[in-house]
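# Structural overview for review
Listed below are the residues making up each chain.
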Amino acid sequence: QTYWTEASRALYLATQKRAYFRNITILVPSTWSAAGEFREATTQVLDKAHVIVDKPNSLYGDTPYVKQPRGCGQRGEYMHLTHDFILNRQRTEQFYGNPGTTLVHEWGHLQWGLFDEHPMPDHGYGHFYAGTDGRVKPVTCTENVKGAYKSRVDGSICKVDLSTSMPEEECIFIPEDVQSAPRASVMAHHYLSSVSLFCDNDPHTEATYHNIEAKNKHNDLCYHKSAWEVMRDHPDFKDGANPPATVDPTPAFHLVQHKEVLRVVVVMDISGSMRENNNHLKLQRAVQRFVLNTVPENTLIGLVEFNEKARNLTVLEKIDSQHARIRLADKVPLRAENYTSIGNGIKKGIELLEYMNRNPAGGILVLITDGNETMCPCFNHTLPELRQKGITVNTVLYTKNADHNLAGLTKHTNGDTFFYSGKTNSTALDDAMTTFVSQRTFFSSSVLILVQSESLVVPAHRSVERTVNLDSTIGNRTTFTVSWETQTQAQIAIEVMGPGLDHSIVGERRDHYVVVMAPNISKPGKWTTKILNPSNVDQTVVFRVESHSLEGVEPIKVSANIQTQSNTYLVNSTDGPPILYADVGLGYSPIVGASVSAEIETSSGMVLKVPLYDNGTGADTTAGDGVYSAYFLDYVKATGDYSVKVKVENDLRRARMMVNGTAAGGSSAMRKISLSNPGTMKPEPVALEKFNRVALSGFFKVTGVPNLTNPSTDIFPPSRIRDLRVVEASHAKSVIILEFTAVGDDYQSGTAARYEVRVGENVRQFFESLHSVPTIESHSNLQCDLPLPSPAGTRERLVIAVNSVDVDVSYSFGVRAMDEVGNWGEISVITTASLKNSSHQLWPTPPVKTVHFYHHIFNHTAVYISSATVGGVFLICIAIGALLICRYRRRNGSAGSDADSIQRSGSGRSTDSASSCNSKESPLAFENPGYVGEKSEQPGSLDGFLYETLTEPEVKSSSGYQGMPGDQTVKILKLQDSADLRQVSVVDMKF
């Protein structure tokens, strides 16, 4: 609560009094001892929390991050914090600065779809970029962040890579702990004490002025817009919403806990319309399978039927034996008649949750209906009561005739909506029932996992085999089920064989399905199911495998999602096509390299397949984060409802779990950069055994599909190129080489027709007026034979010859692709190449100077260093921190001890680990009247000394100031008790 109170105040400041956290509900684990302050949880579940506090992610360690699979301006999935981040404040402040500001940084990712403005070397965003003014600059939001350039290897002066005219890969930028000017950006160096605001695009406010040229992920994905430009387009602030107001930003906290067992009421539509295509029989069988095989042990479950009236078929009955399951399954209704009042069904479900004066909070209604209401009370009238009593509604829209407005009711109660076409080849109804209970993981230490789900045809008098891989994280209460929907009782049989079994297990026949319940714990490995059809006709069947995780074992899990602005997708929308997502991981550890595909089922029963990729191109925001993505383009084939199922396989054992990282370069907080912590640690891949998983996503409806019978009609442009990079910029060779990943003819599909390269003087040109930026063909000093595009996903390379390089020069490049009918993709990310003559040193070696102490300046000692140079900051000694005093001696001649790096203000008490000066380089020598400087071989100590930074005007106002060349910025070091000082070495120099 302390952290979030600080975060609310920091958010209030960062948004200029326009936003803060008013109410925060904390869902505590059900295993915690119940206390009076914990209220009964209602619709809150871990899987849908805004913020999750749990064990570390193996990629990020204790670094806070946001799961952010969507694009700029789109909300993230969740924020992840760890126990150590919360409980170890000293360590948190050491690495991330003020916890409140760090949480605001993450809130920018989660709520407003902002991306990081700090370096992420492992993802192609280094510490430096080439400015269009020819200078190499550190990656920051505002350009007035001061700091030092150092080698992360040994702390030495950075060197130049002549092939790129940029600092070598080992070079990092270390911001100073204390900054006078910059107040932004929270999305960059949020750990600096002076940083408290988001960047904006107002050039008159230097402290928050957005650096449009910096090569960072936010600029690339947000089209070089500032954070506030993105935020002002969000509903929170759009059109002047939430204007500044003076309030107390202290949030109110509410602590809740799930104290009851899982309570589910299945509310079934038995109105006359359910007789169409025998939908009432399909519903009956699906609910029976759900009760007999899927519902977790110790669940309280009840049944309600409704047409124009509603009736309770049971009370809440506990699933504690197979007999209890059979008794409940026998009560599932068979009939279908009369009119429809969904509102009556919901009200009766609420009554059942309240039976015997029970608190209904946290209860779940599973509503299955096929049509629109014909009688009241209507379902929309029940929403206030549902919300007030804390009940979640999950809905299955049974066929395309179901009322789609139910999705709104479901959303407002924190539930999910799925679509079932009613076709015999659809698995969506059973999959939806599994999904509803598998999300409620807080009631059990064993998690329900859908391993396989598919429809197939078994030919007459033939058999078909299906194999699945059970991995070592699951195997508890495993079931193999084959079901069918023909009216005649087919003679389908199944036999299951797996590791550790002496013989096959023959399935138990039930009403329109056969099931095998594997004994005890199923051993990991390949399990084979043989499906036999002895009848005279081919039979369409649904094959499903469910298992539970082993007690206390974290299983491999998959979640699926769809990005549309709403459940209804209008084809002529400017938002682009729907995007499919699958998040694959073990706990919070991402799994990469798996084979992932989506199966999209239309209302007509047609199934469309789309491969998903985790490669950081096209629809995928971040490579290697375990989120697989793809555009869904085949929606143009049909208007109507769509159900989405994701399948994940590791049959080829290419999947790897990423572990032992410190930050993957996703939407994470920035660890304070120093030589002891120069950045991120690359994660290690761990090979995984074979496994299978299936996950069902929500539904969406497509409207407005144009008539595309003309095959030349093409409405899809190529994707935007997001990874354009300069890989070589050689003054000596007169060449610039660019690389990027090829996009397709239709977004990431196929092969584009041609490329266009534009060359500008600066980044801003490209977004103010793209057509005013010259193409490379019209450029007088550059030549490039543009290649024909390669298939999507191929690495492309553009070699650009520079005709004349008599002077240092910089060029900004943008690339876009066109398809065969003239649809242009968006301009790529913009990248700048600088060609510098190798004789022009980027990091000049400063001359050693003799500088005098002036005792009469403020009655203290001040040291200044000033020299003209090309620009930049560097440190002479290897150090952790900004200043290092190499050695001093007191008048009594006692030698100093090893020095640690020292704080920027207050006492000179050491705060970080020790670091010695490089003995091969003599520190600068100073002359002080009466004392002669000596060469130092060992570092000294500053215990007992106070120091502070003086500005140049303060020094100029002192009588001892003798002037400095030019208007260069200088570092002034003021030491107390300077009479005791024999020698100092100034290691932080600004020019």
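Throughout what follows, the structure given in this document is the object of discussion. The structure displayed is predicted, hence computed values, not measured ones. (Residues numbered from 1 in each chain as written. Predicted model: local features only at pLDDT ≥ 70, side-chain atom pairs only at ≥ 80, totals over all residues. Heavy atoms only, no water.)

## Here's the deal with the overall build of the protein chain
- The secondary structure content of the protein chain amounts to 14 helices and 56 strands.
- Buried positions account for 57% of the 991 residues belonging to the protein chain.
- Across the protein chain, the fraction of contacts at a sequence separation of at least 24, relative to all contacts at a separation of at least 6, is 75%.
- About 40000 Å² of surface is accessible on the protein chain, with carbon and sulfur atoms providing 49% of the total. (Helix = DSSP H or I, 4+ residues; strand = E, 2+ residues; numbered from the N terminus. Buried < 20%, exposed > 50% of the residue type's maximum accessible area, 1.4 Å probe, protein only. Contact = heavy atoms within 4.5 Å. Areas by Shrake-Rupley, 256 points an atom, 1.4 Å probe, with all protein chains shown as cover.)

## Observations regarding the sheet that holds strand 24 (residues 505-506)
- Taken in spatial order, the four strands of this open sheet run 21-27-23-24, and their pairing is antiparallel. Each having just a single partner strand, strand 21 (462-470) and strand 24 make up the two edges of the open sheet.
- Where strand 23 (residues 493-497) meets strand 27 (residues 525-533), five bridges bridge the pair, whose relative direction is antiparallel. Paired with Ala-493 across the bridge in strand 27 is Leu-532. (Pairing = 2+ DSSP bridges.)

## Observations concerning the environment of Asn-533
- Tracing the backbone shows Asn-533 in strand 27.
- Sequence separation between Asn-533 and Ile-492 is 41 residues, and the spatial gap between their C-alpha atoms is 5.0 Å.
- Leave out the neighbours within four places in its chain, and Asn-533 touches Val-458, Pro-459, Ala-460, His-461, Arg-462, Ile-492, Asp-538 and Gln-539.
- Within the structure, Asn-533 has its side chain in polar contact with the backbone oxygen of Val-537 (distance 2.9 Å). (Polar contact = N/O pair within 3.5 Å; in protein donor to acceptor, adjacent residues only side chain to side chain.)

## What about the packing of helix 7 (residues 279-294) against helix 12 (residues 428-438)?
- The interhelical angle for the contact between helix 7 and helix 12, taken along N-to-C directions, is 40°, at an axis separation of 10 Å. By the angle between their directions, the pair helix 7 and helix 12 is classed as oblique. Here the hand of the crossing between helix 7 and helix 12 comes out right-handed. Contact residues: Lys-282, Leu-283, Ala-286, Val-287, Arg-289, Phe-290 and Thr-294 in helix 7; Leu-429, Asp-430, Met-433, Thr-434 and Val-437 in helix 12.
- Class assignment for the residues of the contact of helix 7 with helix 12 results in seven nonpolar, two polar and three charged. (Axes fitted to C-alpha atoms, helices over the stretch in contact; angles between N-to-C directions. Parallel < 35°, antiparallel > 145°, perpendicular 65-115°, else oblique. Left-handed = near helix turned anticlockwise from the far one by under 90°. Nonpolar A, V, L, I, M, F, W, Y, C, P; charged D, E, K, R; others polar.)

## Brief notes about the packing of helix 7 against helix 8 (residues 322-329)
- With their axes 9 Å apart at the nearest point, helix 7 and helix 8 run at an angle of 170° to one another. If you check the angle between helix 7 and helix 8, you find them roughly antiparallel. Between helix 7 and helix 8, the contacting residues are Gln-288, Val-291, Leu-292, Asn-293 and Thr-294 on the first element and Gln-322, Arg-325, Ile-326, Leu-328 and Ala-329 on the second.
- Residue composition of the contact of helix 7 with helix 8, by class: five nonpolar, four polar and one charged.

## A few points about the state of the cysteines
- Summed over all chains, the structure comprises three disulfides.
- Here Cys-72 connects covalently by a disulfide to Cys-222, the sulfurs 2.1 Å from one another. Around the S-S axis, the bridge from Cys-72 to Cys-222 shows a dihedral of about 110° and counts as right-handed. Highlighted residues: Cys-72 in the loop between strand 4 (65-67) and strand 5 (78-82) and Cys-222 in the loop between helix 5 (217-221) and helix 6 (227-231), separated in sequence by 150 residues.
- Overall, Cys-222 belongs to the buried group, its relative accessible area being 1%.
- Two residues, Cys-141 and Cys-199, share a disulfide whose sulfurs are 1.8 Å apart. With a gap of 58 residues between them, Cys-141 in the loop between strand 7 (136-138) and strand 8 (147-151) and Cys-199 in the loop between strand 11 (171-175) and helix 5 connect regions that are remote in the sequence. (Disulfide = S-S within 2.5 Å.)

## Details of the packing of aromatic side chains
- Inspection of the entire model under this criterion finds 22 aromatic pairs.
- Ring geometry for Phe-632 against Tyr-642: centres 5.6 Å apart, planes inclined by 75°, an arrangement best described as edge-to-face. Taken together, the residues span a long stretch of sequence, with Phe-632 in the loop between strand 35 (627-631) and strand 36 (640-649) and Tyr-642 in strand 36 at a distance of ten residues.
- Taking 5.2 Å as the distance between ring centres and 90° as the angle between the ring planes, the aromatic pair formed by Phe-740 and Tyr-755 counts as edge-to-face. Taken together, the residues Phe-740 in strand 42 (residues 735-741) and Tyr-755 in strand 43 (residues 754-760) connect sequence positions 15 residues apart.
- For Phe-740, a relative accessible area of 0% translates into the label buried.
- Since its relative accessible area comes to 3%, Tyr-755 is described here as buried.
- Following the ring pairs from residue to residue traces out a cluster consisting of Tyr-3, Phe-85, Phe-95 and Tyr-96.
- Positioned above the aromatic ring of Tyr-125, the side-chain terminus of Arg-725 is 4.9 Å from the ring centre. (Phe/Tyr/Trp six-rings, centres within 6.5 Å; stacked < 30°, edge-to-face > 60°. Lys NZ or Arg CZ within 6 Å of the ring centre and 35° of its normal.)

In short, geometric facts, not functional conclusions.
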